[in-house]
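Chains, contacts and geometry: an overview
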Amino acid sequence: MAQVSMSVNGQPAEGEVEGRTLLVDFLRNSLELTGTHVGCDTSQCGACVVHVNGAAVKACTMFALEAEGAEVTTIEGIAAPDGTLSAVQQAFQEHHGLQCGFCTPGMVMSATALLKDNPRPTEAEIREYLQGNICRCTGYHNIVKAVMAASGQDVGAIAAE
Amino acid sequence: MYAFEIEKPTTLADALAALKEEDAQALAGGQTLIPSLKARLAMPSKLVSLAGIEEIKGICTADDGRLCIGGGTTHGAIAREAADRFPGLAGLAAKIGDPAVRNRGTIGGSLANNDPSACYPSAALACGATIVTDRREIAAGEFFLGLFETALEEGELITEVRFEVPEASNYQKFEQPASRFPLVGVFVARYADRGGVGVTGASEGGVFRWNEAEEALASNWSADALEGLSVPADGMIEDLHGTPEYRAHLVKVMTQRAVAAAG
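Per an unreviewed UniProt entry, the recorded name for chain B is Carbon monoxide dehydrogenase, medium subunit, putative, and the organism is Oceanicola granulosus.

In this section: the overall build of chain A. Helix and strand content of chain A: five helices and five strands. When the helices and strands of chain A are placed in sequence order, the string is β-β-α-β-β-β-α-α-α-α. Its C-alpha radius of gyration of 16 Å places chain A within 12% of the 15 Å reference for a compact globule of 161 residues. Its C-alpha atoms put chain A at 55 × 30 × 25 Å along the principal axes. Within chain A, buried positions represent 50% of all 161 residues. Across chain A, the fraction of contacts at a sequence separation of at least 24, relative to all contacts at a separation of at least 6, is 54%.

Tallying the contact residues gives 26 residues for chain B and 23 residues for chain A. Each partner contributes to the roughly 2000 Å² buried at the junction of chain B and chain A, and carbon and sulfur atoms together form 55% of this total. Per-residue buried area on chain B facing chain A is highest for Ile6, Lys38 and Arg104 of chain B; these three make up 24% of the total on that side. Put simply, chain B and chain A have four salt bridges between them. With a closest N to O distance of 2.9 Å, arginine 104 of chain B and glutamate 66 of chain A form a salt bridge. Counting the contacts that link chain B with chain A gives ten residue pairs in polar contact (both at pLDDT 80 or more).

Turning our attention to the sheet that holds strand β3 (residues 49–52) of chain A. All names here are of chain A. Here we have five strands laid out as an open sheet, ordered β2-β1-β5-β3-β4, and mixed in their pairing. Two strands bound the open sheet, and with one partner strand each, they are β2 (11–17) and β4 (55–58). Each strand axis lies, on average, 40 degrees off the axis of its neighbour in the sheet, ignoring direction. Where β3 and β4 come together, four bridges link them in antiparallel fashion. In the strand pairing of β4, valine 52 is matched with alanine 55.

Further remarks concern the pattern of salt bridges. Pairing between side chains of opposite charge can happen when the charged atoms of each approach one another. Residue and element names in this part refer to chain A. Enumeration according to the criterion identifies 20 salt bridges over all chains in this entry. Note that glutamate 123 is salt-bridged to arginine 127, the shortest N-O span being 3.0 Å. Here the residue glutamate 123 and the residue arginine 127 both occupy positions in helix α4 (residues 123–129), the gap between them amounting to four residues, near one helical turn. On the basis of relative accessible area, arginine 127 is assigned to the partly exposed category, the value being 27%.

The next subject is the state of the cysteines. Tallied over the full model, the rule gives zero disulfides over all chains. Free cysteine cysteine 137 of chain A: the closest other cysteine sulfur is in cysteine 100 of chain A, separated by 3.7 Å.

Our next topic: unusual backbone geometry. Although it is not a glycine, asparagine 9 of chain A sits at a positive phi angle of roughly 50 degrees. With a phi close to 60 degrees, phenylalanine 148 of chain B is a non-glycine residue in the positive phi region. Mapped onto the secondary structure, phenylalanine 148 of chain B falls in the loop between β8 (144–146) and β9 (149–150).

The periodicity of an α-helix, 3.6 residues per turn, causes residues three or four places apart in sequence to face the same way. Residue and element names in this part refer to chain B. Every buried residue of helix α9 (residues 211–219) is accounted for by Ala213, Glu214, Ala216 and Leu217. The buried residues of α9 all sit within an arc of 165 degrees when viewed along its axis, so they share a single face. Facing away from the buried side of α9 by over 90 degrees, the exposed positions are Glu215 and Ser219. Of the surrounding secondary structure, the elements contacted by the buried residues of α9 are β13 (195–200), β14 (208–209) and α10 (244–262).

Thresholds applied
Residues numbered from 1 in each chain as written. Chains lettered and ligands numbered in written order. Predicted model: local features only at pLDDT ≥ 70, side-chain atom pairs only at ≥ 80, totals over all residues. Heavy atoms only, no water. Helix = DSSP H or I, 4+ residues; strand = E, 2+ residues; numbered from the N terminus. Rg over C-alpha atoms; globule rule 2.2 N^0.38 Å. Buried < 20%, exposed > 50% of the residue type's maximum accessible area, 1.4 Å probe, protein only. Contact = heavy atoms within 4.5 Å. Buried area = accessible area lost by both parts, 1.4 Å probe. Salt bridge = Lys/Arg side-chain N within 4 Å of Asp/Glu carboxyl O. Polar contact = N/O pair within 3.5 Å; in protein donor to acceptor, adjacent residues only side chain to side chain. Pairing = 2+ DSSP bridges. Axes fitted to C-alpha atoms, helices over the stretch in contact; angles between N-to-C directions. Disulfide = S-S within 2.5 Å. Arc of directions from axis to C-beta.

Okay, here's the thing in structure tokens:
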């Protein structure tokens with residue numbers, strides 16, 4: 001076992017982990033931040049996406065000890081402290097960007113990372129950026145709409161598929 | 001996963017020292033290694049994370065004009081930071097995996113792993129890149145030795161990859177849609193005196209240069225110059241995604257598309 005410490009959602013976090021402890025398991029099991037989901041555990045589905053030092057990463061494909069000293073943001077850190085939803089979260093709600101909700105934390109984290117780098121993405125850019133996030137409900141259409149809306153763009157032009 | 005320890009050195013010297021331990025293994029971005037560990041395909045006693053070593057990250061232009069990319073530079077950083085200087089390579093990096101994978105995976109890790117369907121080896125071969133390690137410089141032509149095999153010795157780390165930037169270049173891959181690895185990927189590079197064609201994903205022997213196409217392109221850089229050529233199906237990979245004949249056909253089509261796109 002080894003000691004690991006990092007900042008999670010702006011708060012200091014530390015714990016004892018094994019070398020093989022994945023970041024997602026540290027977040028879920030040690031810190032009880034269960035909003036980050038494990039869908040496939042093979043870095044395909046993106047349900048576990050979190051931000052490490054501002055970059056979107058798959059928390060199932062990174063060890064907790066690799067995040068030593070890092071600033072980690074999870075889905076729990078996206079809304080304002082008073083509970084006010086972020087623009088992306090609000091848009092997911094308004095545009096029905098979730099069905100069962102399992103993929104949603106990863107979708108929101110990826111979409112948030114996209115809009116930070118590219119505040120007004122095209123529909124094609126959104127679809128390409130979300131390639132690593134899989135929705136088993138196949139609710140992609142409204143997810144893309146929600147990201148367009150969160151970036152302040154008209155969603156009327158998105159063709160129904 | 002089997003149990004192991006993790007060390008996270010901040011200097012190359014410390015990493016090399018840690019790798020001298022028996023059964024120690026380097027951990028670059030982990031986007032291939034971690035899934036392999038989960039499948040219990042490897043049993044290291046210690047992983048030496050390279051992610052904290054700043055001296056092997058970043059992109060610069062050397063005095064001789066070559067583009068030098070630190071071995072620990074992520075695909076995402078290459079896609080962003082090489083876009084103006086080497087758009088062909090930046091375009092290749094921008095299409096690996098997905099954005100979250102590109103924020104972790106590194107060029108050094110990819111080259112050292114030498115997956116037969118990895119993207120970078122095709123660019124390294126086509127451009128005649130130099131792979132710089134902690135102890136020597138290796139020409140790309142002598143680096144890739146077969147499937148998952150390279151000229152790297154035990155505990156040897158890629159610190160930098162140097163590219164002579166081509167006048168024009170492009171990478172085209174025909175994706176296997178589930179994995180997004182190339183079923184066939186082709187990198188073409190146009191230099192004043194030669195053309196380079198590197199092919200990944202296709203051959204049972206791993207990445208290779210398509211010499212006939214290079215000769216044809218040296219005097220006539222156009223997709224038409226390849227019209228009369230064909231790639232033998234012998235030695236091409238056969239799996240449920242495609243026959244050897246199919247892959248051989250794709251090599252030519254992807255090369256033509258890449259040449260047309262490079263301009």
